[in-house]
Structure formats: structure tokens, C-alpha cells
Amino acid sequence: MAGSTSSEVTPVTPSHATMNVFDRSINFDALFKFSHISYSTQQHLKKVYASFALCMFVAAAGAYIHVVTRVIQAGFLSLFGSLGLMLWLMFTPHSPEVEKKRLSILAGFAFFTGIGLGPVLDFVISVNPSIIPTAFLGTAVIFTCFSLSALYAQRRSFLYLGGILMSGLSLLLIASLVNVFIGSVFMFKANLYLGLLVMCGFVLFDTQLIIEKAELGDKDYIWHCVDLFLDFITIFRKLMIILAMNEKEKKREKK
């Protein structure tokens, strides 16, 4: 007919809709853009996490030496070695001239810290060696999730946790000292689980504190790395003990 127009509408089938969903490209670069953090602080964080990776590698070497080679055993030497190197690092001012020296001190601190994990690793291996990679993977997931939460969250949103976490840590320390004389299994387990929760909070707090320090001009990435490294090691140690104790209880129930 004259003057009439016809339009064809192509129906959208469910298969086409599904294909359209999967055809969308994901912008992974956008996932790692932190608009609320300045570029200089982002570069600082890269150095912090690079130093953290170095610490993890050296600590693994120290743990390997204790568990496998037995050349150096965990004891007062490793304890005083790690404490002494941490104090040396603390009282060595951050400057480009001593950067390599401080990195060497950091590596030594991580090495003795890894050796210090030896007794816990020996205990876990006697229960079930597969607990170690499970605990490490669990620690990595926990640390990554809480770190990303702190990085994506609004600045200073978790800094209020500082006083609460320090109070909780002090109470747990007092409880553990009291439990030395009481010997309560329940108190020991409660200390482990609550301590794990507190350390997860410290990952949030320390990450945001590092950001704020960097924004205010504190670019000591080596010392900032120490905070995150100690958080990771403490979570790893507690998670290993929790899993080992649960495994022992399961074996006891089977008998």
C-alpha cells in the first residue's frame, strides 16, 4: 500500500543474549587503578610489596635450612638475630646512600624469622606435612583479600582500628602469660582464633597506615615492608597451629 512503512524487528534469543554477555571485554587495568591514592604513593606501594616478596623468599630459605638441612637451628641465636637486625634497621635512617645496606639488613631479618618458624614447622610436619602448603595458601588468600580491601576502601577508613587492635593484642598477650600457669586448652584455642582475627585487622590497619605515611612524605618502603611481613608471618604461624590441632583431634576421634 502507498504511504505505508514496514519495519522488521529482529528477535533477541536467549543464546544471543548469552553470547553478548560473554563477548564483553573485562578491563583488568581498571581493577588496579586507585584514584584516591596519588601516583607517588602507588609507586611507593610497589616498592613495599616488592620488598615483601623478597622477604618471603628469604624467609622460605631460612625455614628450609632449619627443617631440611639442620645447618642452623631455631633458638636463642635466631631470636636475638632477628630482634637485633630489626632494631638495627629501625635505627638506620632511610636515605638513598644506605638503601642497599638496609635491604641487606631486611633480608637478614627475614632469614632469621624464617628459621624461627622451624619449631612450628617441625610440629606441623609430625602431624601432617600437607598442612604447610594449605596454611600458606590460606594465609596468602587472607592477606590478599584484606590488603585489597584496605587499598580500595576510602582513605583513613580503617585507621580507627589502631587503638582497638593494640588493646586486643595486649589482652591476648596477658591471657597467654596467664595460661602458662593455668594450662587451659580452651584458653589456648581462644587465644589462637582471636589472635588470628586481630592480625587480619592489622593487615587492614597497617596497609592504610602505610598509605597515609607515604602521602605525608614518609617513603621508607623498607620499614613499611616489615609491618606487612610480620602480619603475614603471624597469620601463617597461627593458621598452621590451628590446622595442626584440628588434624590431631580428628586422628584422636578416629581411634
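Residues numbered from 1 in each chain as written. Predicted model: local features only at pLDDT ≥ 70, side-chain atom pairs only at ≥ 80, totals over all residues. Heavy atoms only, no water.

### Some points on unusual backbone geometry
Then step 1. We note that arginine 156 has phi near 70 degrees; this positive angle belongs to a residue other than glycine.
Then step 2. As for its placement among the helices and strands, arginine 156 is situated in the loop between helix H7 (131-152) and helix H8 (161-182).
Then step 3. Residue arginine 156 is classed as exposed on the basis of its relative accessible area, which comes to 52%. (Helix = DSSP H or I, 4+ residues; strand = E, 2+ residues; numbered from the N terminus. Buried < 20%, exposed > 50% of the residue type's maximum accessible area, 1.4 Å probe, protein only.)

### Remarks on the packing of aromatic side chains
Then step 1. By the definition in use, this model includes 8 aromatic pairs.
Then step 2. With 5.9 Å between their ring centres and 90 degrees between their planes, phenylalanine 136 and phenylalanine 236 make a pair best called edge-to-face. Of this pair, phenylalanine 136 sits in helix H7 while phenylalanine 236 sits in helix H10 (residues 221-254), placing them 100 residues apart in sequence.
Then step 3. With a relative accessible area of 7%, phenylalanine 236 lands in the buried category.
Then step 4. With 6.5 Å between their ring centres and 80 degrees between their planes, phenylalanine 202 and phenylalanine 205 make a pair best called edge-to-face. Taken together, the residues span about one helical turn, with phenylalanine 202 and phenylalanine 205 both in helix H9 (residues 185-215) at a distance of 3 residues. Each member of the pair, phenylalanine 202 together with phenylalanine 205, is buried.
Then step 5. Through a chain of ring-to-ring contacts, the aromatic side chains of Phe52, Phe136, Phe143, Phe232 and Phe236 assemble into a single cluster. (Phe/Tyr/Trp six-rings, centres within 6.5 Å; stacked < 30°, edge-to-face > 60°.)

### Things to note about the layout of surface pockets
To find the voids left in a structure, one rolls a probe of water-molecule size over its atoms.
Then step 1. Size it by volume and the largest pocket reaches roughly 650 Å³.
Then step 2. Breaking the lining of the largest pocket down by element, the ones donating at least two residues are H8, H9 and H10.
Then step 3. Looking at which element gives the most residues to the lining of the largest pocket, the answer is H9, with 10 residues.
Then step 4. Classifying every residue of the lining of the largest pocket gives 14 nonpolar, 6 polar and 5 charged.
Then step 5. Leu79, Ser82, Thr113, Gly116 and Arg237 are, among the 14 residues lining the second largest pocket, the residues nearest its centre.
Then step 6. Among the secondary structure elements, those contributing two or more residues to the lining of the second largest pocket are helix H4 (76-90), helix H5 (99-116) and H10.
Then step 7. At 5 residues, the largest contribution of residues to the lining of the second largest pocket is made by H4.
Then step 8. Here the residues of the lining of the second largest pocket are counted per class, giving 7 nonpolar, 6 polar and 1 charged. (1 Å grid on protein atoms, 1.4 Å probe; cavity = no way out; pocket = protein on both sides within 12 Å on 5 of 7 lines; lining within 4 Å. Points joined across faces, edges and corners; volume = space filled by probe spheres on them. Nonpolar A, V, L, I, M, F, W, Y, C, P; charged D, E, K, R; others polar.)

### Focus on the nonpolar core
Then step 1. Phe52, Leu89, Leu106, Val226, Phe229 and Met240 are the most contacted members of the largest nonpolar core, which has 60 residues in total.
Then step 2. Mapped by element, the contributors of at least two residues to this core are helix H3 (39-69), H4, H5, helix H6 (118-127), H7, H8, H9 and H10.
Then step 3. A total of 17 residues in this core trace back to one element, the largest contributor, which is H10.
Then step 4. If we skip the residues at most four places from it in the chain, phenylalanine 229 touches Phe52, Cys55, Met56, Ala59, Phe109, Ala110 and Thr113. (Core = buried A, V, L, I, M, F, W, Y, C linked by side-chain atoms within 4.5 Å. Contact = heavy atoms within 4.5 Å.)

### Observations regarding the environment of arginine 156
Then step 1. Measuring from C-alpha to C-alpha, the distance between arginine 156 and leucine 209 comes to 7.7 Å, with 53 residues separating the pair along the chain.
Then step 2. Not counting residues up to four positions away in its chain, the partners in contact with arginine 156 are Gln208 and Glu212.
Then step 3. One polar contact links arginine 156 to glutamate 212, side chain to side chain, over a distance of 3.2 Å. (Polar contact = N/O pair within 3.5 Å; in protein donor to acceptor, adjacent residues only side chain to side chain.)

### Describing empty space enclosed by the protein
Then step 1. The full count for this structure, using the stated rule, is 1 cavity of 30 Å³ or more.
Then step 2. Here the largest cavity is characterised by a volume of approximately 30 Å³.
Then step 3. Lining of the largest cavity is provided by Lys189, Leu192, Tyr193, Ile242, Met245 and Asn246.
Then step 4. Breaking the lining of the largest cavity down by element, the ones donating at least two residues are H9 and H10.
Then step 5. Here the lining of the largest cavity is built from residues that sort into 4 nonpolar, 1 polar and 1 charged.

### Here's the deal with the packing of H4 against H10
Then step 1. The interhelical angle for the contact between H4 and H10, taken along N-to-C directions, is 145 degrees, at an axis separation of 10 Å. In this structure, the crossing between H4 and H10 has a hand that is left-handed. Residues Met86, Leu89 and Met90 of H4 touch H10, and the partners they reach there are Ile222, Trp223, Val226 and Leu230. (Axes fitted to C-alpha atoms, helices over the stretch in contact; angles between N-to-C directions. Left-handed = near helix turned anticlockwise from the far one by under 90°.)

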